[in-house]
Amino acid sequence: MYATDPGALGVHTTHIDIYEAVSGRKGGPEVYRVTTQLIFPMLDQRLSRRALEDSVPTIAQAVYNIIKPYTEMQTARVSLMDFINEPLYVAANLAMFGTRFPSGTYHDLCTLDVTMPERFFRVPFWPWKSERARRRLAAKCGDYLNTDDVSDADGPLGFAFKKLFRENNIPLEAATGHMLTLLWGMHTNTFVVILWMFLFLLNDHDALVAVRDEVDRAIKTEFGDFDTFLANVKPKELEGKSFPLLTSVILETMRVVIMFVVFRIAKRDWEFKDGGRTVSVSKGEFILGNAQAAHLDETWYKDSHKFVFDRYAHGDYREGRLPTGGNPWFCLGVGRHLCKGRYIAMYEIKLAALIFLHRFEITPVNEGSKSWWPPKTTKRNLGVPRTETVMVDVRPRHVR
């Protein structure tokens, strides 16, 4: 399904439905055209590995500047989700969308995200609080796009977005819908993957100790000290053999928690090869591929329902490759349908682990009773289950 020509199996309904759910605007063929023919090629360029080497090095220092007050406190009780992800969100937006990007949008985006499954599946009566959050986000995105000029103050991604919409005469309301959809797609699943990664580590003492030791050692050997790491870390430096356990934890977190199906609609009569069988698909029929079933297949993964933190630690760690050992792993797509933001997502997830594991001791509230594990999850999701709020106590680590 991933490899098939889009002329045979279309994905247009998914793109249109997501646009409508996030933006609240009516989609259609024009939305699909702008998304696939204009926005996607631009994202392929601006979010490529090469482009990110120049645009994201400021993120680490910006994250640490935001959380630095916590390093001077004896202890603080915070939401694990917000403690890690809000600084990362602010810093990433500053790097990609520049100084003009509106402040104070994190909590509204999270509020909107809570109701996204209901919006996408058209379940009625989502909370008015979520609708107000979306309207505030749309207004701020509209103001951001509607400046008199386009400049470096818009950041590399914001600059490209504004230029694209103006050169193609995209109306402001439609452009705002696309901007809001990108913002949701760029951040929210990354938020939740980071949350689950930390939850798995906090629930597995051996994994936490091993990964933290690797983080501390790599910061010292690869960068010299933490300040040099903050000032110089780029995506390429977080690939390769210095972080096999951390990379394994990220891949394993995604394998276990990402729940999705590959959805297509047949645009013409088509035949699907399934082993030795041939399945005929008629034009107009819908096809669902269960990616999670492959991730939990015991043929490929022993103890597939368990989180095994070092499952991928001995894979092929050549630059630019994910060490999945050839086993099914579709969390970031595959072939022509790879996630457009896969490189920046992996970079942000690794930064979160490196900064927060190195600088803080994080302990779940009521750790001894284990009442926090497993956290309750939402009934519906769009790929990664959202959880109830998990409160933690954070204390600074004094690492040389």
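Colleague: Got a sec to walk through the sheet that holds strand 7 (residues 360–364)? Specific residues and values, please.
Modeller: Across the sheet, which stays open at both edges, the three strands sit in the order 2-8-7 with antiparallel pairing between neighbours. Strands at the two margins of the open sheet, each flanked by one partner only, are strand 2 (76–79) and strand 7. Between one strand and the next, the sheet's axes are offset by a mean angle of 35 degrees, whatever the strand orientation. By the bridge criterion, four bridges tie strand 2 to strand 8 (residues 391–396) in an arrangement that is antiparallel. From the neighbouring strand, Val78 faces strand 8, where its bridge partner is Val392.

Colleague: So what about the nonpolar core? Which residues, and what values?
Modeller: If you look at the biggest cluster of nonpolar residues, it comprises 119 residues, and the most contacted ones within it are Ile59, Phe97, Leu157, Phe198, Phe229 and Ile355. In this structure, Ile355 is in contact with Ala60, Val63, Tyr64, Ile67, Phe226, Phe229 and Leu230, ignoring residues within four places of it in sequence.

Colleague: Kindly report on helix 10 (residues 172–203), identifying the contributing residues and their values.
Modeller: Counted at 1.5 Å a residue, the expected span for helix 10 with its 32 residues is 46 Å, and the 47 Å between its end C-alpha atoms agrees. The buried fraction of helix 10 amounts to 27 of the 32 residues, a majority that puts the element mostly inside the structure.

Colleague: Which residues make up the environment of Ala91, and what values do they have?
Modeller: Positionally, Ala91 belongs in helix 5 (residues 80–97). Taking C-alpha positions, Ala91 is 27 Å from Thr36, a pair spaced 55 residues apart along the chain. Beyond its immediate chain neighbours, meaning those up to four positions away, Ala91 contacts Ile59, Ala62 and Val63.

Colleague: Give me the side chain of Arg134: which residues, what numbers.
Modeller: For Arg134, the position within the fold is in helix 8 (residues 128–145). Leave out the neighbours within four places in its chain, and Arg134 touches Glu20, Ala21, Val22, Ser23, Gly24, Leu112, Arg119 and Leu180.

Colleague: Could you give me a rundown of empty space enclosed by the protein, with the residues and numbers involved?
Modeller: In total, this model carries one cavity of 30 Å³ or more according to the counting rule given. A class-by-class count of the residues in the lining of the largest cavity yields two nonpolar, two polar and three charged.

Colleague: Let's hear about the packing of aromatic side chains: which residues, and what values?
Modeller: Counting across every chain of the model gives 20 aromatic pairs. Geometrically, the ring pair formed by Phe223 and Phe229 is edge-to-face, given 5.2 Å between the ring centres and 80 degrees between the ring planes. Clustering of aromatic rings is evident, with ring pairs tying together Trp196, Phe200, Phe307, Trp372 and Trp373. The residue whose ring lies beneath Lys162 is Tyr144, and the NZ or CZ to ring-centre distance is 4.5 Å. A cation over a ring is seen here: Arg255 above Tyr301, with NZ or CZ 4.8 Å from the ring centre.

Colleague: Help me get a handle on the pairing of strand 7, residues and values and all.
Modeller: Counting buried residues along strand 7, four of its five residues qualify, which places the element largely inside the surrounding structure. Both strand 7 and strand 8 contribute to a ladder of five bridges, which runs antiparallel. Following the sheet pairing, Ile362 is matched in strand 8 by Val394.

Colleague: Go over the packing of helix 13 (residues 244–257) against helix 15 (residues 342–359) with me, naming the residues and quoting the values.
Modeller: Taken N-terminus to C-terminus, the directions of helix 13 and helix 15 make an angle of 120 degrees; their axes are 11 Å apart at the nearest point. With respect to their mutual orientation, helix 13 and helix 15 come out oblique. Pair helix 13 / helix 15 crosses with right-handed handedness. Residues Leu246, Thr247, Ile250, Leu251 and Met254 of helix 13 pack against Met346, Ile349, Lys350, Ala353 and Leu354 of helix 15. Looking at the contact of helix 13 with helix 15 residue by residue, the class counts come to eight nonpolar, one polar and one charged.

Conventions used here
- Residues numbered from 1 in each chain as written.
- Predicted model: local features only at pLDDT ≥ 70, side-chain atom pairs only at ≥ 80, totals over all residues.
- Heavy atoms only, no water.
- Pairing = 2+ DSSP bridges.
- Helix = DSSP H or I, 4+ residues; strand = E, 2+ residues; numbered from the N terminus.
- Axes fitted to C-alpha atoms, helices over the stretch in contact; angles between N-to-C directions.
- Core = buried A, V, L, I, M, F, W, Y, C linked by side-chain atoms within 4.5 Å.
- Buried < 20%, exposed > 50% of the residue type's maximum accessible area, 1.4 Å probe, protein only.
- Contact = heavy atoms within 4.5 Å.
- Expected span 1.5 Å × (residues − 1).
- 1 Å grid on protein atoms, 1.4 Å probe; cavity = no way out; pocket = protein on both sides within 12 Å on 5 of 7 lines; lining within 4 Å.
- Points joined across faces, edges and corners; volume = space filled by probe spheres on them.
- Nonpolar A, V, L, I, M, F, W, Y, C, P; charged D, E, K, R; others polar.
- Phe/Tyr/Trp six-rings, centres within 6.5 Å; stacked < 30°, edge-to-face > 60°.
- Lys NZ or Arg CZ within 6 Å of the ring centre and 35° of its normal.
- Parallel < 35°, antiparallel > 145°, perpendicular 65-115°, else oblique.
- Left-handed = near helix turned anticlockwise from the far one by under 90°.

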